[in-house]
Amino acid sequence: MRHLRSRAVAVVAPLGALALLLAACSSSGSPSTTSGAAAATDATTCSPASLSGSAPVTINFWESMPRANGQTLQTLTDAFNGSQSKVHVNLVVQTNYNDTWQKYQAGLTNGQLPDVVQLQDTDTQGAIDTQSMQPAQNCIAGFHYSVGDLLPRALAYWNVGNVQEAMPFAVSGPVLYYNKLAFQKAGLDPNTPPATLTQLVADAQKLKAAGQGIMGLKLDPWYLETELATANELFVNNANGRTSRASKAVFDTATGTQVFSDLNQMVSTGAAGTNSVAGADSYDNLLGVGSGKYAMTIDTSAALGTVEQLLSQYPNVQLGVAPLPTVQTTPSGGVQPGGSALWVVKKSTPAKQSAAWQYITFLDSTSSQATWSAGTGYIPLRTSAAESATIQNLWATSPQFKVAYTQLTTGVETPASAGAVLGPFDDVRTAIVNAENSMFARGVAPATALTRAQAASDALITAYNRRIGG
Amino acid sequence: MPATELAAPPAPPVVAGVPGPAAPPPRRRHRRARLVLRYVLLSVGAVAILFPLYMAVVNSLLAPSQIAHQPPPFFPFHPQWGSYRKAWTDGDLGIYLRNSAIQTSVIVAGQLVTSILAAYAFAFLEFPLKRTLFIVFLMTLMIPFEVTIATNLATVSSLGWFNTFPGLTVPFLATGFGTFLLRQAFLQIPRDLREAAQLDGYGHLRFLWSVAIPLVRPALAALGVFSFLGAWNQYLWPLLVTGNDNSVRTVQIGLKQLINTQLDQINVSLAGTVIAVVPLLVILVVFQKQLVRSLTSGAVK
């Protein structure tokens, strides 16, 4: 549920900086261990052998799911706890991704850490930089686990420097939600939603002219990132931070400018209204579809279940779900994944780490992923889960649930479509939102706004890298 | 002059049944007009302030399908009380409210006791480095809590207080602000009073209890309400210092969990918010008089 992300950065920043500093200090004594080099020893830490003792192990799992999804997670966890007596998982509900991350960073200073933690996509580099995580790669090796069936792009997002750092779990993608009835009344074909940004702009203007509502635009940096991925272009250098740590932003390209111009054109002509991406306002774009204010909006597929449930109660809405409109007519890249992954915490005992891994593989198993996806709207992360009867039945009756899966499994697998990893991701996203705001509110030219956002991002990345490297 | 001017214009046609001479004299009419104006302004202010709260209550009682309705419903004609039950049970608000009540009352009591004692010392006693110490107390006001949070967390954890009520409350038992506020209040007490009490054989504690405290009651109430609000609304510290169960988590964390909900449960999160704000409103209403008196005491003098 990445749309629930709020910006508590001001408070988090000093704490995070301190935590990272402490992490850096505490490791400075030991020889610098890259994850790859440590694999040989850590593979034995996270292995069935570590768990072969007789005593049962209890592990704490910090999860960040909203309530309805949390209930599905609880059901799965109960099933896991009931299926064997060796490992007991204690599900600890945190309030949201930001608080979990903040609490985790605070835990680095006082040792109050979980054994498994669910962190959102943007915290990936930050989590690696705490040097407190056991790379999933080591557990994969220790348990001889096969990842062949898991969706490549979902794995790729959490694969940094050829090391699988964490296991994808709650993964979603941006999709276009639109009101078929509004399309009809505006003389548009309700079964041909816009496939490109250019068409999106044109349709939004037609809808506005027909008085059928406009495009509900979130002030979301995600558009730029994802559109670049669909065009197979990088967001930051060093292969999106995957071959080595990103040192520069590279999104100021013709494609980036095109995305900004299209968004700006919709807003400046009144064909799109803007909504905050944080807090309670972040629902306004979806609620606006119900009230008739908006005819289209782009939001995460993770909300699909509840969006449908809510909007089906409005007689003026017939909900359509379509893939994200892309900047190119034939996308040369692919939509990057969004969402969260499960991390094994290295500070725990080998037995707990191994127990954590058993639990994670249970959650990523075929049947769990089928239950999870059907219960929440997240993308089933296994081909076998997608082929299961549960999911096939769901897709047969509600094809809109398949949109995000199809989107994530089409296109090319490159560092561009895998998405970017960088330390100050939240701050960089804020810089992009600021640039969007400067276009929409103050009339700054799209090209200028984008150039400024890139300069600001470069400064943020440089500052972060200096802090980590020092 | 204004009075005659007001009286001068020809009297408006007298409405039948209302005798002319019974109209209020100009002075009183003037005063009444000002009173009306004042109440109009106050009403506008009250509506502006209460409207969001009212809408929270309204929306908490709406079915999810009505929330996005245009125009928005201003009255819940079919109140769905189920959202309150759901917030209470699903949100575990009972235990969260209990925890908040304990945490808040300990902090308020602690701050009142420590501030009274410290302020008394600064106001009535002579001891070396008094000024310097007082400045040190004041300096603590300049340090935002966020700066000390990491070290406080380490301290509390090493004391074994992680996920306990002491961990939740002890860092807040003393306050530089409270000490400052009460010292200023104590300084208003005439020195003669202290000397007279001494002649009567009052010790420090007796003087404090029977003379000084009753005299500064408005300031105490203000401090009490102030620390109540601060403690009740704490978020970051309770989030960081509470652990893997609900045993000491406070209501603000419970609310955040409830708010981090999904689109079809906005009424439930609003119901939870309304429940959590009730204790605050009760405190404000009960202590309103003292609060206003202490806020205006300086201005009136």
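Because the structure is predicted, anything quoted here is derived from the model rather than measured.

Student: Help me understand the sheet that holds strand 11 (residues 294-300) of chain A in this model?
Tutor: Within a sheet, adjacent strands bond to each other through the backbone by hydrogen bonds, running parallel or antiparallel. Residue and element names in this part refer to chain A. What the 5 strands build is an open sheet, ordered 10-9-11-8-12; its pairing is mixed. Where the open sheet ends on each side, the last strands, each with one partner, are strand 10 (272-275) and strand 12 (319-323). Averaged over neighbouring strand pairs, the angle between their axes works out to 25° when direction is ignored. Sheet topology note: the strand 9 (residues 214-218)/strand 11 ladder contains 3 bridges and is parallel. Directly across from isoleucine 214, in strand 11, lies its bridge partner tyrosine 294.

Student: Teacher, can you tell me more about the domain arrangement of chain B here?
Tutor: Residues and elements named next belong to chain B. Domains assigned within chain B are domain 1 (26-80) and domain 2 (84-300). Computed from C-alpha coordinates alone, the two centres of domain 1 and domain 2 are separated by 32 Å. Contact with domain 1, which involves 8 residues of that partner, is made by 8 residues of domain 2. Counting residues per element, the ones that place at least two in the side of domain 1 that touches domain 2 are helix 2 (26-60) and helix 3 (64-67). In terms of residue count, the dominant contributor to the side of domain 1 that touches domain 2 is helix 2 (4 residues). Tallied by class, residues from the side of domain 1 that touches domain 2 come to 5 nonpolar, 3 polar and no charged.

Student: Would you explain the packing of helix 12 (residues 254-268) of chain A against helix 22 (residues 446-469) of chain A in this entry?
Tutor: A pair of packed helices is captured by two measures, namely the crossing angle of their axes and the spacing between those axes. Residue and element names in this part refer to chain A. Direction vectors running N to C along helix 12 and helix 22 enclose 125°, while the axes themselves pass 9 Å from each other. By the angle class used here, helix 12 and helix 22 are oblique. In this structure, the crossing between helix 12 and helix 22 has a hand that is right-handed. Where helix 12 abuts helix 22, its residues Gly256, Thr257, Phe260, Ser261 and Asn264 lie against Pro446, Ala447, Ala449 and Leu450. Grouping the constituent residues of the contact of helix 12 with helix 22 by class yields 5 nonpolar, 4 polar and no charged.

Student: Just to check I follow, could you spell out the interface of chain A and chain B for this structure?
Tutor: Put simply, an interface is often sized by how much accessible area is lost when its parts join up. The partner chain B presents 28 residues to the 34 residues of chain A that form the contact. Within the residue set of the side of chain A that touches chain B, elements represented by two or more residues are helix 1 (9-28), helix 3 (67-83), strand 2 (87-93), helix 4 (97-110), helix 13 (284-291) and helix 14 (304-311) of chain A. Among the elements that line the side of chain A that touches chain B, the one with the most residues is helix 4 of chain A, at 5 residues. Residue composition of the side of chain A that touches chain B, by class: 17 nonpolar, 14 polar and 3 charged.

Student: Teacher, can you tell me more about helix 22 of chain A here?
Tutor: Because an α-helix packs 3.6 residues into every turn, residues spaced three or four apart end up facing the same way. All names here are of chain A. Between the first and last C-alpha of helix 22 there are 34 Å, a value that for 24 residues agrees with the 34 Å anticipated at 1.5 Å per step. Taken residue by residue, helix 22 has Pro446, Ala449, Leu450, Ala453, Gln454, Ser457, Leu460, Ile461 and Tyr464 as its buried positions. The elements touched by buried residues of helix 22 are helix 12 and helix 21 (425-442).

Student: Explanation requested: the nonpolar core in the structure shown.
Tutor: Val116, Ala204, Trp343 and Val344 of chain A are the most contacted members of the largest nonpolar core, which has 154 residues in total. Among the elements that take part in this core, helix 21 of chain A stands out by supplying 8 residues, more than any other. Those residues in contact with valine 344 of chain A, other than ones at most four positions away along the chain, are Cys46, Val116, Met133, Gln134, Ala136, Cys139, Gln353, Ala356 and Trp357 of chain A. Counting 25 residues, the second-largest nonpolar core is a separate cluster that includes Phe207, Ala212, Val216 and Leu220 of chain B.

Student: When you look at unusual backbone geometry in this model, what are you seeing that I'm missing?
Tutor: Residues and elements named next belong to chain A. Unlike most non-glycine residues, asparagine 232 shows phi in positive territory, near 60°. With respect to the helices and strands, asparagine 232 occurs in the loop between helix 10 (222-230) and helix 11 (237-241). Phi at alanine 239 is positive, roughly 50°, even though this residue is not glycine. In this fold, alanine 239 is placed in helix 11.

Rules and cut-offs
Counting restarts for each chain, with residues numbered from 1 along the sequence as it is written. For this description, chains carry letters from A and ligands carry numbers from 1, given in the order in which they are written. Residues qualify for local features only when their pLDDT is at least 70, as the model is predicted, and side-chain atom pairs are given and counted only at 80 or more; totals for whole chains, interfaces and linings, by contrast, use all residues. Whether two strands pair depends on DSSP finding at least two bridges between them. Only DSSP runs of H or I covering at least 4 residues are called helices, and only runs of E covering at least 2 are called strands; the numbering of each starts at the N terminus. Helix axes are fitted to C-alpha atoms over the stretch in contact, other axes to C-alpha atoms as well, and angles between N-to-C directions run from 0 to 180 degrees. An automatic or database domain assignment is the source of the domain bounds shown. Residues are defined as contacting one another if the C-beta atoms placed from their backbone atoms lie within 7 Å. For this classification, the nonpolar set comprises Ala, Val, Leu, Ile, Met, Phe, Trp, Tyr, Cys and Pro, the charged set comprises Asp, Glu, Lys and Arg, and every other residue, Gly included, is treated as polar. An angle counts as roughly parallel when it lies under 35 degrees, as roughly antiparallel when it exceeds 145, as roughly perpendicular when it falls between 65 and 115, and as oblique in every other case. The sense of a crossing depends on the near helix, which, turned anticlockwise from the far helix by less than a right angle, makes the crossing left-handed and, turned clockwise, makes it right-handed. A helix is expected to span 1.5 Å multiplied by its residue count minus one. For the exposure call, what matters is how many other C-beta atoms sit within 10 Å of a residue's own: 20 or more marks it buried, 12 or fewer exposed, and in between partly exposed, using C-beta atoms placed from the backbone. By definition, a nonpolar core groups buried Ala, Val, Leu, Ile, Met, Phe, Trp, Tyr and Cys residues that are joined through C-beta atoms within 7 Å.

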